[in-house]
Amino acid sequence: MLSFGMELPCLSLLLLSCLQSLSANNDFFTSIGQMTDLLYTEKDLVTSLKDYIKAEENKLERVKQWADKLDLLSAAAIQDPEGFLGHPVNAFKLMKRLNTEWGDLESLVLSDTTDGFISNLTIQRQYFPTDEDQTGAAKALLRLQDTYRLDANTISIGDLPGAKHKSLMTVEDCYELGKIAYSDVDYYHTELWMAQALKQLDQGEESHLDRVILLDYLSYSIYQQGDIDRALEFTKQLLALDPEHQRAKGNLKYFQFQLEKLRKEAADAPPTEKKQGKRETTEKIKKPKKKFLTPQLPERKKYEMLCRGEGIRMTPRRQSRLFCRYYDNKHNPMYVLAPVKQQDEWDRPYIVRFIDIISDKEMERVKQLAKPRLRRATISNPVTGVLETAPYRISKSAWLTGYEDPIIDKINQRIEDLTGLEMDTAEELQVANYGVGGQYEPHFDFGRKDEPDAFKELGTGNRIATWLFYMSDVAAGGATVFPDVGASVGPQKGTAVFWYNLFPSGEGDYSTRHAACPVLVGNKWVSNKWIHERGQEWRRPCLLNETE
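Residues numbered from 1 in each chain as written. Predicted model: local features only at pLDDT ≥ 70, side-chain atom pairs only at ≥ 80, totals over all residues. Heavy atoms only, no water.

*Asks:* I keep staring at the overall build of the chain and nothing clicks. Help me out?
*Replies:* Counting its secondary structure elements, the chain contains 17 helices and 17 strands. A total of 548 residues make up the chain; the buried ones form 44% of that total. Sequence separation of at least 24 residues holds for 74% of the intrachain contacts in the chain that already meet a minimum separation of 6. Summed over all atoms, the accessible surface of the chain reaches about 31,900 Å², with 56% contributed by carbon and sulfur. (Helix = DSSP H or I, 4+ residues; strand = E, 2+ residues; numbered from the N terminus. Buried < 20%, exposed > 50% of the residue type's maximum accessible area, 1.4 Å probe, protein only. Contact = heavy atoms within 4.5 Å. Areas by Shrake-Rupley, 256 points an atom, 1.4 Å probe, with all protein chains shown as cover.)

*Asks:* Got a minute to help me understand the packing of aromatic side chains in this structure?
*Replies:* The relation between two aromatic rings is expressed through the spacing of the ring centres and the mutual angle of the planes. Scanning the entire structure with this criterion turns up 21 aromatic pairs. Ring plane angle 75 degrees and centroid distance 5.9 Å describe the contact between tyrosine 182 and tyrosine 187, whose orientation is recorded as edge-to-face. Given the relative accessible area of 29%, tyrosine 182 is considered partly exposed. On the accessibility criterion, tyrosine 187 (17% relative accessible area) is buried. Here phenylalanine 482 and tryptophan 499 contribute two aromatic rings whose centre-to-centre distance is 5.2 Å and whose plane-to-plane angle is 85 degrees, an arrangement assigned as edge-to-face. With phenylalanine 482 in strand E12 (residues 480-482) and tryptophan 499 in strand E14 (residues 495-500), the pair connects residues that are 17 residues apart, well separated along the chain. Accessibility assignment for this pair places phenylalanine 482 and tryptophan 499 in one class, buried. (Phe/Tyr/Trp six-rings, centres within 6.5 Å; stacked < 30°, edge-to-face > 60°.)

*Asks:* Could you clarify how one ought to interpret the sheet that holds strand E15 (residues 514-516) in this entry?
*Replies:* Whether parallel or antiparallel, the strands of a sheet pair through hydrogen bonds between backbone atoms. One open sheet holds the four strands; their spatial order is E9-E15-E12-E13, and the pairing between them is antiparallel. Every interior strand has two partners, whereas the edge strands, strand E9 (440-443) and strand E13 (487-489), have only one. Across the sheet, the mean angle separating the axes of adjacent strands is 15 degrees when strand polarity is ignored. Where E12 lies against E15, two bridges are found, and the strand directions are antiparallel. When the sheet's bridge partners are listed, valine 481 is paired in E15 with alanine 515. (Pairing = 2+ DSSP bridges. Axes fitted to C-alpha atoms, helices over the stretch in contact; angles between N-to-C directions.)

*Asks:* I tried to follow the sheet that holds strand E10 (residues 463-470) on my own but got confused; where do I start?
*Replies:* Pairing within the open sheet is antiparallel, and its nine strands lie in the order E1-E2-E3-E14-E10-E17-E8-E7-E4. Single-partner strands in this sheet number two, and they are strand E1 (324-327) and strand E4 (375-376). Strand direction decides the pairing type here: strand E3 (residues 351-355) and E14, joined by three bridges, are antiparallel. In the strand pairing of E14, arginine 353 is matched with valine 497. Most of the contacts of helix H2 (residues 32-79) go to strand E8 (residues 429-434), to which it runs at about 55 degrees, and overall it touches strand E7 (395-400), E8 and strand E17 (525-532).

*Asks:* Sorry, what's going on with the nonpolar core here?
*Replies:* Nonpolar side chains in soluble globular proteins tend to end up buried together. One finds Tyr148, Trp193, Leu214, Val481, Cys517 and Leu520 to be the most contacted residues of the largest nonpolar core, which totals 47 residues. Leaving out residues up to four positions away in the same chain, cysteine 517 has contacts with Tyr148, Tyr303, Cys307, Gly438, Gln439, Gly478, Ala479 and Val481. Core analysis: the next-biggest nonpolar cluster, separate from the first, contains 35 residues, Ile357, Ile407, Ala465 and Trp525 among them. (Core = buried A, V, L, I, M, F, W, Y, C linked by side-chain atoms within 4.5 Å.)

*Asks:* Help me understand the pattern of salt bridges in this model?
*Replies:* Applying the stated rule across the entire model yields 30 salt bridges. Put simply, arginine 318 and aspartate 347 hold a salt bridge, and the shortest N to O gap is 2.7 Å. Of this pair, arginine 318 sits in helix H15 (residues 316-319) while aspartate 347 is found in the loop between strand E2 (340-346) and E3, placing the two residues 29 residues apart along the sequence. A relative accessible area of 19% means that aspartate 347 is categorised as buried. Members of the salt-bridge network, linked through shared partners, are Glu191, Asp227 and Arg230. (Salt bridge = Lys/Arg side-chain N within 4 Å of Asp/Glu carboxyl O.)

*Asks:* Is there a simple way to explain the packing of helix H16 (residues 360-370) against helix H17 (residues 406-419) in this structure?
*Replies:* Across the interface, H16 lies against H17 with an axial gap of 10 Å and an inter-helix angle of 120 degrees. For the element pair H16 / H17, the angle class is oblique. Every pair of crossing elements has a handedness; the one defined by H16 and H17 is left-handed. Where H16 approaches H17, its residues Glu362, Arg365, Val366 and Leu369 are matched on the opposing element by Ile407, Ile408, Lys410, Ile411 and Arg414. When grouped by side-chain class, the residues that make up the contact of H16 with H17 number five nonpolar, no polar and four charged. (Parallel < 35°, antiparallel > 145°, perpendicular 65-115°, else oblique. Left-handed = near helix turned anticlockwise from the far one by under 90°. Nonpolar A, V, L, I, M, F, W, Y, C, P; charged D, E, K, R; others polar.)

*Asks:* Whenever I open this one, helix H9 (residues 187-202) confuses me. Can you help?
*Replies:* Think of an α-helix as 3.6 residues a turn; residues three or four steps apart then line up on the same face. Taking 1.5 Å per residue, 16 residues should reach 22 Å; H9 reaches 22 Å between its end C-alpha atoms and fits that length. Among all positions in H9, only Tyr187, His189, Thr190, Glu191, Trp193, Met194, Gln196, Ala197, Leu198, Gln200 and Leu201 are buried. Those residues of H9 that are buried lie in contact with helix H6 (131-147), helix H7 (152-156), helix H8 (171-183), helix H10 (211-224) and helix H11 (228-241). A positive backbone phi angle near 100 degrees is found at glycine 204, which sits one or two residues after H9. (Expected span 1.5 Å × (residues − 1).)

*Asks:* I would appreciate a short explanation of the environment of asparagine 120 in the present structure.
*Replies:* As for its position among the elements, asparagine 120 is in helix H5 (residues 115-125). Separated by 76 residues in the primary sequence, asparagine 120 and aspartate 44 have C-alpha atoms spaced 8.9 Å apart. Among the polar contacts made by the side chain of asparagine 120, one reaches the side chain of serine 48 at a distance of 3.4 Å. (Polar contact = N/O pair within 3.5 Å; in protein donor to acceptor, adjacent residues only side chain to side chain.)

*Asks:* What is the right way to read the pairing of E3 from this model?
*Replies:* Within a regular strand, the side chains alternate between the two sheet faces. The element E3 is largely enclosed, with a buried count of five among its five residues. Because side chains alternate across E3, one face comprises the buried residues Ile351, Arg353 and Ile355, and the other comprises Val352 and Phe354, equally buried. The sheet contact formed by E2 and E3 spans five bridges and is antiparallel. Its bridge partner being in E3, glutamine 343 is matched across the sheet by arginine 353. Between E2 and E3, which pair antiparallel one after the other, the connecting turn spans four residues.

Here's what the structure looks like:
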């Protein structure tokens, strides 16, 4: 009797510790560091899928062998059926096959080899990204496109500065971006990405999407931006492909009506008044030209220009006053024999960078401690004071205390030694990892006069200074910029920047308004220490002048 029993390969499951880590978090798109876990999840699923395919192939091979064997047997038997069955063994085997072995074969064919794969997929699906993650990642691409002035084709072919692993976008990918922009009533980006999808389709890329659906989105998004002529042209192209498209037929009539209406209004408009002759111009008294100041650029534009490496440049004279030095903070015993390297980044506000100030071992330990605790970064609502997430802050953060690991305590002491400021009243070390297009738009670190209760619950006064560690290099983007003054500080692994948010008088320095530019390519890790006023009375005495 033939045996059709099968033993499926053992299916690998994702490590429970990894799953537990993922289950505690969501908003994957806000942290590249945590998104790496998803790659291992997907790899495990691929392994499980391959095991399933192998099991199916083994089952089909057994069925094929059985079919081939019976094909030869039945071919010989049909030649002389009575003579064949005249042999008692052949008769017995026929009874056995039809009564038993075909039943076994039926069981084999009906056997379900998907159990292992489906159970693995079911377990892991609960830790998958959500629609919010997909939408967040898509909007991040659109934000990067605007900030760094990238055309759709550059992004689609993956030709980004510093990128090691280039990835091409399909027609479906471009269409999905356009759809997300459309659902956000963002017709500008809808047009860009539907046009890119159409371009790739015209270049011969295979896709289940057709030109009709792309032209439908494209014509409507262009109409919404006020260009009726082009909207009409794309609608005609759509109807040439699908003459019965009801919405397009309606749009065609509407667009034609609107264009005719505009032409009629233009024709009926009174002619512009002609300029009067020389007599009036000679009589006109010439007034001295007014001196107009260059209009101030909106903060958003200045911020984006700085992110692209454009904008305000420091004068050579000011640059000549910036130095680098070996620094021991007034002969601090820890640094007398081994001073640290310090360089000036900007003069007003005074921003300094400390070079090689944190080791690779320390950075890895900080990341290791922070990663399981990373949560979506929040901002304090200026009206309600409630902590909430915001679309202009795309990152995850965690807080580390000095007593939980000697390395954190050591780092805190280092900041105190080099700044001369008291750390007992400072906030805990905050670790942040930025997500897809991760950014933090212009903001102040200190509480303004219209926010008197900003740090009331801490009881340590306002944030007097900021210390910021860069714990990774970033291939492109991710600079810390100060739009009001034009300063731009690039992330450099192992360094830290420091500046005062308050003048010695306690008044806020509004020139310290800063932002974290979107990360274009790379994984940005930072950690920062917000130092507060209390405890600094003798370390940084108050001066009489408000801005000193």
